[in-house]
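So you can see what is in the structure, the chains are spelled out below.
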Amino acid sequence: MARYGMAIDTTKCVGCMDCVVACKTENNVPEGLNRDWIQTIVNGEFPNLTMEIRSERCNHCTNAPCVNCCPTGASHYDGGGIVLVHHDLCTGCKACIASCPYDARFINPEGYADKCTFCVHRVEEGKDPACISVCPTYCMTFGDLDDPNSEISKLVKSRNNHTVLPEAGTSPNIYYLIGGNNA
Amino acid sequence: MNSISRRRFLKIGAATAGVAATAGALSKFTQQAVKISSSVPEKGVYTIPTYCDLCFWKCNAIATVKDGKLWKIEGNPIDPMSKGRLCPRGTGGIGSYYDPDRLRKPLMRKNNRGQEEWVEVTWDEAFTFIADKMNKIKSEYGPEAVALFSHGIGGNFFKHLMKAYGTPNLAAPSFAQCRGPRDAGFRLTFGEDVGSPERTDIENSKFLVLIGSHLGENMHNTQVQEFATAIERGTKLLVVDPRHSVAASKADWWFPIKPGTDIALILAWINVIVNEELYDKVYIDKYAIGLDKLKKTVSNNTPEWAYPITGIKAELIRETAREMARYKPATLIHPGRHVTWYGDDSQRSRAIAILNALMGSWGRKGGFFSPVSMDIASYPYPEFPHSEKGKVDNPDKKYPFAHETITTGIREATISGKPYPVKGWFVYATNLIFTLPNEDETIKAIQNLDLMVVVETQPSEITGWADVVLPEATYLERYDDINVEFFKEPFISIRQPVLEPAFETKPGWWMAKKLSEKLGLEKYFPWNNIEEYLDTRLKNSGYSLEQLKKAGLIKGDKQPIYFEEGVTPEFPTPSGKIELYSEQLAAYGLDPVPRYRKHEEPPPGYYRLLFGRSPVHSFGRTQSNPILFDMMKENEVWINKFIADKLELKSGDYVILVNQDGVRSNKVKVKATERIRQDCVYIVHGFGHTSKGFVRSRGLGASDNQLVTKYKIDPIMGGTAQHLNFVTIERAA
Ligand code: SF4
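### Structural notes on the overall build of chain A
For chain A, the count of helices and strands is six helices and ten strands. Compactness check: chain A gives a C-alpha radius of gyration of 16 Å against a globular reference of 16 Å for 183 residues, within 12% of the reference. Expressed along its principal axes, the backbone C-alpha trace of chain A runs to roughly 50 × 40 × 30 Å. Long-range pairs, those at least 24 residues apart, make up 54% of the contacts in chain A with a sequence separation of at least 6. Computed over 14 positive and 21 negative side-chain charges, the inter-centroid distance for chain A is 2 Å.

In structure tokens:
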């Protein structure tokens, strides 16, 4: 069984939001709403500063609270562990929105819970998700974390990295690569 | 992908059916207005190559139409510049088509200029009015009394029309308000400028210095892609910026320099490099003149001298000078782009050019490559009329090294009537109200005109001052001229319509041709339509329009681009060498070697106003694009956290900026941050729209240009320095 995820190199990401724009056009995300976003974390005091910039979205968690709490089974794990929503089963109750520690979900004006799909419609054609396909810094890699030979597995193994809110116990599948090697 | 079966995926696909077909933000407009180009089928997915117009970089793109609707636009993978990836603005390009605030019909002014009250007219009425006025101006004052301001390749057909009419006064703010000083500084040193796209070989540099350049926030696509490659390759990065920019956050050294003191820092680097003989000796011996005079002139400019001026410690300056030299010739001191800051900008650019020369980086891998291009025949037009009077912008060569027309020089002549009167302005796709410093002077000049025409896709502030507004089709609905690129690989590319023009908009080429007929200048537009024009140029060069339309771009043979690959080193200066000491400048009584001169500093309670760019907007041109509007609706004023605390302001509060002349900004959100010095504040350029036509973006954020009432003119080339304004901060009511 595959486990799809992303590795995002924060040393290269410039936070330009091309990923956000691409998601928007690719998936026709309604105005005012986004499925991915940029997070900038600044530490220190002038002039001794460090900054991490990263592109965030649904973590397609292996232990996803949104799936666990969904009363209708609309939120589910699909192939490769991708967390998706059956639009027709979703009642728009928002339990999943409240449960997600990453604030990755919103209610689409059409009434269902909406969020990143890892662009399955592209992945099924063998393409990268839209966000990755446009990134001018080539900072993102999509692939199968269960396959030790995939590029993403190699990156996660060789580079220092972290996930977001691992303490939430969700087993997120987006890895943020940071400086230095994991020697 | 192989671990999920195709069938499995079909099931996944079904679960998210409607991904791209869902009615979203853009559907309303879609239903009303989309007219797909006749060559596109109504069903299925269809792609058309073209090149982007969200900025002037001209990345090659592929637009996708699905079931008759414009869906998305992506990079063309065969493009050497975008490498198949557009920047966020380019990716959001379809929003320029769907922009609800677009101009729709030709308009004529009802009341006074600037009141933005219009009568809708037919194209023929608009052209008749314009032609009558232009003929009248020509007979009273001569053709030189009409000037064109334009930006981007779309202006080509209007430039052509103006030359046919007989005026030499064709200007773009990209010179005197932007990159002009850089180009003058490099020309004086190497005999050539860095061009656009810049000939910087960032991806191969081993030591990269950015002085105020904020790559990553400034999204010139190729530069940012190469910047990311350089980071990955471990290029040493030094960023000089009063603000902790995105680039600074990735740097090995960040120098939060005191604004206005960059020349002192650069001279100190030169001092160390010359005194410790760290420069590329073979290169300098062979190609440069003036080393001894340079050495003598900078002899006092030690790092210890520079420290109290710049705030950068002497040992850091010395250490980084040595580090820079370690990686030569792949040491690139980036020349920047928007460099009109303090009034001595050509000299700062020259200092940067000299430092690059000492590193031996001009013409070398990892430094500045020699761009190559394809030979494409011009259209065989009749000769243009000759202007006896010459250009109006720079009388008596007051600015001796202005190699392009000075916009603000035309403005000055329009106000004073000297050296001769200017009575008509044609403005193509440049929002002069947001671009030229000191808005009052711009308006004063406009009030002196007999004719003011604006060609635009959107109701930018300058359209409000027009007598006639000509609504242009967006880049997705029109052909423009062939782009003959100067880059690492030679290529040509095409902009072609994906959709039919919406509303009553028309492409620029059509307007220029129609106007030529009204003006009796039809012999200068002998082609029947743009396809014929393009095909003639291409056929005369051994290609065809059909071929170019299909591929989007055609590449020529690879050629050497570095001296080490066989490019002949040539320096078209008067001496034929790199001029470290400039006799040319000396002859005009200007500093032959750059010198540091102190600039005015903000009085107590005031902060220097700095401005720059956001990755999701191009100047003031994209705030009404619904996709890009969603990414960033208003700008923020960056205020150092300590200062914000002192003023009892926190992030999210709204303030008014008031400049030294009492000009008040629109209200703007505070960003209280450690990422900027205490003596300056920063905003992203392009916000604070005032035009009635901008329904969504009007009144959001502050306009830097409104606060730039004070400016200084660069004596070398006439550029207008804009980082000279100081503001106080008031809490908004
Ligand atoms: S840099 Fe961005 S906006 Fe400019 S041409 Fe390229 S994709 Fe378009």
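### Thoughts on the side chain of A:Asn173
Residues and elements named next belong to chain A. With respect to the helices and strands, Asn 173 occurs in the loop between strand E9 (159-162) and strand E10 (174-181). Residue class for Asn 173 comes out buried when judged on its relative accessible area of 2%. There is a polar contact of 3.0 Å between the side chain of Asn 173 and the side chain of Thr 62. In this structure, Asn 173 is in contact with Arg 3, Tyr 4, Gly 5, Met 6, Asn 59, His 60, Cys 61, Thr 62 and Leu 145, ignoring residues within four places of it in sequence.

### Considering the side chain of B:Asn394
Residue and element names in this part refer to chain B. Mapped onto the secondary structure, Asn 394 falls in the loop between helix H15 (345-359) and helix H16 (407-416). With a relative accessible area of 14%, Asn 394 lands in the buried category. In this structure, Asn 394 is in contact with Tyr 399, Ala 402 and Ile 406, ignoring residues within four places of it in sequence.

### Focus on the pattern of salt bridges
By the definition in use, this model includes 62 salt bridges over all chains. The salt bridge involving A:Glu26 is made with A:Arg122; its shortest N-O contact spans 3.3 Å. Of this pair, A:Glu26 sits in helix H1 (residues 18-26) while A:Arg122 is found in helix H4 (residues 120-123), placing the two residues 96 residues apart along the sequence. Here A:Glu26 matches A:Arg122 in class, with each residue buried. Close ionic contact of B:Lys598 with B:Glu601 constitutes a salt bridge, the shortest N to O distance being 2.9 Å. Given a relative accessible area of 36%, B:Glu601 falls into the partly exposed group. Several salt bridges converge on common partners, so that one network encompasses B:Arg179, B:Arg182, B:Asp183, B:Glu198, B:Arg337 and B:Glu404.

### Considering the interface of chain A and chain B
Facing 58 residues of chain A, the contacting portion of chain B comprises 57 residues. For the pair chain A and chain B, the two sides together bury roughly 4,800 Å², of which 60% comes from carbon and sulfur. Considering only the side of chain A, the residues that lose the most area to chain B are A:Glu31, A:Phe46 and A:Glu124, jointly responsible for 14% of the buried surface there. If you look at where chain A meets chain B, you find five salt bridges. For B:Glu232, the salt bridge is made with A:Lys12, and the minimal N-O distance between the two is 2.7 Å. Across the contact surface, chain A and chain B share 16 residue pairs in polar contact (both at pLDDT 80 or more).

### Brief notes about the sheet that holds strand E6 (residues 146-150) of chain B
Residues and elements named next belong to chain B. Strand order across the open sheet formed by seven strands is E5-E4-E15-E14-E13-E6-E7, with mixed pairing between neighbours. Each of the sheet's edge strands pairs with one partner strand only, and the pair in question is strand E5 (118-120) and strand E7 (170-171). Taken together, the two bridges between E6 and E7 define a ladder with parallel strand orientation. Within the sheet, the bridge partner assigned to Phe 149 lies in E7 and is Ala 171. Packed on one face of the sheet, helix H6 (residues 156-165) meets E6, E7, strand E13 (424-428) and strand E14 (451-456) and runs near 165° to E6.

### Looking at the nonpolar core
Core analysis: the biggest nonpolar cluster contains 93 residues, and A:Met6, A:Phe118, A:Met140, B:Leu70, B:Ile73, B:Leu476 and B:Val498 have the highest contact counts within it. Core analysis: the second largest hydrophobic core is formed by 72 residues, B:Val209, B:Ile266, B:Ile317 and B:Ile352 among them.

### Quick look at the domain arrangement of chain B
Residue and element names in this part refer to chain B. The domain architecture assigned to chain B consists of domain 1 (107-175 + 384-475 + 505-540), domain 2 (177-369 + 562-587) and domain 3 (607-731). Computed over C-alpha atoms, the centres of domain 1 and domain 3 are 29 Å apart. Contact residues are listed per partner, giving 29 residues for domain 1 and 28 residues for domain 3. Per-residue buried area on domain 1 facing domain 3 is highest for Tyr 399, Phe 434 and Gln 458; these three make up 29% of the total on that side. Applying the counting criterion to the domain 1 and domain 3 interface returns one salt bridge. Among the elements of the structure, H16, helix H17 (432-435) and helix H18 (439-447) are those that each provide at least two residues to the side of domain 1 that touches domain 3. For the side of domain 1 that touches domain 3, the leading source of residues is H17, giving three residues.

### Some words on helix H7 (residues 173-190) of chain B
Residue and element names in this part refer to chain B. Compared with the 26 Å implied by 1.5 Å per residue over 18 residues, the 24 Å span of H7 between its first and last C-alpha is a close match. Its maximal kink placed at Arg 179, H7 deviates by approximately 85°, while the proline Pro 181 follows within four residues. Most of H7 is tucked away, with 17 of its 18 residues classed as buried. After H7 finishes, the residue Gly 191 shows a positive phi value of roughly 85°.

### As for the pairing of strand E1 (residues 4-9) of chain A
All names here are of chain A. Along E1, six of the six residues are buried, which leaves the element largely enclosed by surrounding structure. Here E1 shows two buried faces, one formed by Tyr 4, Met 6 and Ile 8 and the other by Gly 5, Ala 7 and Asp 9. Two strands pair when backbone bridges link them, and E1 and strand E8 (residues 140-144) are joined in this way by five bridges, in the antiparallel orientation. Bridge pairing in E8 links Gly 5 to Gly 143.

### Quick notes on empty space enclosed by the protein
Residue and element names in this part refer to chain B. With the rule as written, the count across this model stands at 15 cavities of 30 Å³ or more. In this model, the largest cavity occupies a volume close to 850 Å³. Considering the residues around the largest cavity, the lining is formed by 46 residues, among which Cys 178, His 338, Phe 611, Gly 612 and Arg 613 are closest to the centre. When residues of the lining of the largest cavity are assigned to their parent elements, the largest contribution, five residues, is made by H7. Here the residues of the lining of the largest cavity sort into 17 nonpolar, 20 polar and nine charged.

### Thoughts on the environment of B:Arg179
All names here are of chain B. Examined against the element boundaries, Arg 179 turns out to sit in helix H7. Assessed through its relative accessible area of 12%, Arg 179 is described here as buried. Between the C-alpha atoms of Arg 179 and Ser 346, which are 167 residues apart in sequence, the distance is 9.6 Å. What Arg 179 contacts, discounting residues up to four positions off in sequence, is Ser 174, Arg 337, Val 339 and Glu 404. Reaching out from Arg 179, the side chain makes a polar contact with the side chain of Asp 183 at a distance of 2.8 Å.

### Re the confidence of the model for chain B
Residues and elements named next belong to chain B. Residues of chain B with pLDDT of at least 70 account for 95%, and the chain-wide mean is 94. In this model residues 1-33 is a low-confidence stretch, pLDDT under 50, and it forms 64 contacts with partners more than four residues away in sequence or in other chains. Confidence metrics for the complex model read pTM 0.95 and ipTM 0.97.

### Some points on the packing of aromatic side chains
Residue and element names in this part refer to chain B. Tallied over the full model, the rule gives 37 aromatic pairs over all chains. Aromatic pair Tyr 381 and Tyr 533: ring centres 6.5 Å apart, planes at 20°, arrangement stacked. Taken together, the residues span a long stretch of sequence, with Tyr 381 in the loop between H15 and H16 and Tyr 533 in helix H20 (residues 530-539) at a distance of 152 residues. Ring geometry for Phe 401 and Tyr 588: centres 5.4 Å apart, planes at 75°, overall edge-to-face. With Phe 401 in the loop between H15 and H16 and Tyr 588 in the loop between helix H22 (583-587) and strand E20 (607-612), this pair connects stretches of sequence that are 187 residues apart.

### A short note on the pairing of strand E2 (residues 36-45) of chain A
Bridge analysis of E2(A) against strand E3 (residues 48-57) of chain A gives ten bridges, and the strand direction is antiparallel. Residue pairing in the sheet places A:Val42 in a bridge with A:Met51 of E3(A).

### Considering the sheet that holds strand E3 (residues 69-75) of chain B
All names here are of chain B. One open sheet holds the three strands; their spatial order is E1-E2-E3, and the pairing between them is antiparallel. In this open sheet, the two strands that pair with only one neighbour each are strand E1 (45-51) and E3. Direction aside, neighbouring strands of the sheet carry axes that sit 25° apart on average. Pairing geometry for E1 and strand E2 (residues 60-66), over seven bridges, is antiparallel.

### Notes on the layout of surface pockets
Residue and element names in this part refer to chain B. What the largest pocket holds in volume is close to 1,400 Å³. Residue lining of the largest pocket: 40 residues in total, with Lys 58, Ile 153, Asn 156, Lys 159 and Ser 196 positioned closest to the centre. Contributing elements (two or more residues each) for the lining of the largest pocket: H6, E7, H7, strand E16 (483-485) and H20. Among the elements that line the lining of the largest pocket, the one with the most residues is H6, at five residues. For the lining of the largest pocket, the class distribution of residues is 16 nonpolar, eleven polar and 13 charged.

Conventions we followed
Per chain, residues are indexed from 1 in the order of the written sequence. Chains carry letters and ligands carry numbers; both start at the beginning, A for chains and 1 for ligands, and go up in the order they are written. In keeping with the predicted nature of the model, local features appear solely for residues at pLDDT of at least 70, side-chain atom pairs appear and are counted solely at 80 or more, and the whole-chain, interface and lining totals rest on all residues. The basis for every side-chain value is the complete set of non-hydrogen atoms in the structure, without hydrogens or water. Each helix corresponds to a stretch of at least 4 residues labelled H or I by DSSP, and each strand to a stretch of at least 2 residues labelled E; elements are numbered beginning at the N terminus. Note on method: radius of gyration uses C-alpha positions; expected globular size equals 2.2 Å times residues raised to 0.38. Note on contacts: a residue pair is in contact if any heavy atoms of the two residues lie within 4.5 Å. Only four residue types enter the charge count, namely Lys and Arg as positive and Asp and Glu as negative; His and the chain termini do not. Charge placement uses NZ in Lys and CZ in Arg. For Asp and Glu, CG and CD serve respectively. Buried, partly exposed and exposed residues are distinguished by accessible area as a fraction of the type maximum, computed with a 1.4 Å probe on protein chains only: under 20%, between the cut-offs, and over 50%, respectively. Counted as a polar contact is a pair of N or O atoms within 3.5 Å, where, for protein atoms, one must be capable of donating a hydrogen and the other of accepting one, and residues adjacent in sequence contribute only when both atoms are in side chains. Should a side-chain nitrogen of Lys or Arg be within 4 Å of a carboxyl oxygen of Asp or Glu, the pair is scored as a salt bridge. Throughout, the accessible surface (probe 1.4 Å) given up by two parts as they are put together, summed over both, is called the buried area. Note on pairing: DSSP must find at least two bridges between two strands before they are called paired. Fitting a line to C-alpha atoms yields each axis, with helices limited to the stretch in contact; the angle taken between N-to-C directions then spans 0 to 180 degrees. Side-chain atoms within 4.5 Å link the members of a nonpolar core, which is a set of buried Ala, Val, Leu, Ile, Met, Phe, Trp, Tyr and Cys residues. Per the annotation, domain bounds derive from an automatic or database assignment of domains. A helix is expected to reach a length of 1.5 Å times the quantity of its residues less one. Bend is computed residue by residue as the angle between axes fitted to the seven residues ending at the residue and the seven residues starting at it. Cavities and pockets were defined on a 1 Å grid built from protein atoms only: a cavity is a group of points that admits a 1.4 Å probe but offers it no way out, a pocket is an open group of points flanked by protein on both sides within 12 Å along at least five of seven lines, and a lining residue is one with an atom within 4 Å of any such point. Grid points are joined across faces, edges and corners, and a volume is the space filled by probe spheres set on the points. Lys, Arg, Asp and Glu make up the charged group, whereas Ala, Val, Leu, Ile, Met, Phe, Trp, Tyr, Cys and Pro make up the nonpolar group; the residues left over, Gly among them, are polar. The pLDDT score gives, residue by residue, the confidence of the prediction method on a 0 to 100 scale. Each pair of aromatic rings taken from Phe, Tyr and Trp, with Trp reduced to its six-membered ring, is defined by centres within 6.5 Å and is described as stacked if the planes are under 30 degrees apart, edge-to-face if over 60, and tilted in the remaining cases.

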